[in-house]
Amino acid sequence: MNSELLDKVIEIVSPFVKNKEALKSVSEETTFLKDLEVSSSRLVDIILAIEDTFGIEVSDEDADTISTIGAAVSLIESRSA
């Protein structure tokens, strides 16, 4: 996994995270909703921020697959290639 992308995703996600303790030990498998306790409405804000930050477009279908930090990084990698 691209560590620079991972760091950037964590930076984007940080303001929306309720469980700050889980953010300290984030991994590819860390889930937005359960582990980080990001609300589903805030997940939409995260996806919009990812689109703006990386200059990509995330379809509704792709947005539905972004449940973990790793899935977000993988999507960014695939769209940026």
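Residues numbered from 1 in each chain as written. Predicted model: local features only at pLDDT ≥ 70, side-chain atom pairs only at ≥ 80, totals over all residues. Heavy atoms only, no water.

**With respect to the overall build of the protein**
The secondary structure content of the protein amounts to five helices and zero strands. Taken across its 81 residues, the protein has 38% of its residues classed as buried. In the protein, the share of contacts with a sequence separation of at least 24, taken over all contacts with a separation of at least 6, comes to 51%. When the accessible area of the protein is evaluated, it comes to approximately 4,800 Å², of which 47% is carbon and sulfur surface. In the protein, which carries 7 positive and 17 negative side-chain charges, the distance between the mean positions of the two groups comes to 9 Å. (Helix = DSSP H or I, 4+ residues; strand = E, 2+ residues; numbered from the N terminus. Buried < 20%, exposed > 50% of the residue type's maximum accessible area, 1.4 Å probe, protein only. Contact = heavy atoms within 4.5 Å. Areas by Shrake-Rupley, 256 points an atom, 1.4 Å probe, with all protein chains shown as cover. Lys, Arg positive; Asp, Glu negative; His and termini not counted. Charge placed at Lys NZ, Arg CZ, Asp CG, Glu CD.)

**Notes on helix α3 (residues 40-54)**
An ideal rise of 1.5 Å per residue puts 21 Å on 15 residues; α3 measures up with 21 Å between its terminal C-alpha atoms. Among all positions in α3, only Leu 43, Ile 46, Ile 47, Ile 50 and Glu 51 are buried. Down the axis of α3, the smallest arc covering the buried residues is 140°, so these residues share one side. In this fold, the buried residues of α3 make contact with α1 (3-13), α4 (60-63) and α5 (69-80). Directly beyond the C-terminal end of α3, a positive phi value near 65° is found at Gly 55. (Expected span 1.5 Å × (residues − 1). Arc of directions from axis to C-beta.)

**Examining the nonpolar core**
Membership of the largest hydrophobic core comes to 26 residues, with the highest contact counts inside it found for Val 13, Phe 32, Leu 36, Ile 46 and Ile 69. Among the elements of the structure, α1, α2 (20-24), α3 and α5 are those that each provide at least two residues to this core. Looking at which element gives the most residues to this core, the answer is α1, with six residues. When near neighbours in sequence (up to four residues on either side) are disregarded, Ile 46 contacts Ile 12, Val 13, Phe 16, Phe 32 and Val 38. (Core = buried A, V, L, I, M, F, W, Y, C linked by side-chain atoms within 4.5 Å.)

These figures come from the coordinates and say nothing about function on their own.
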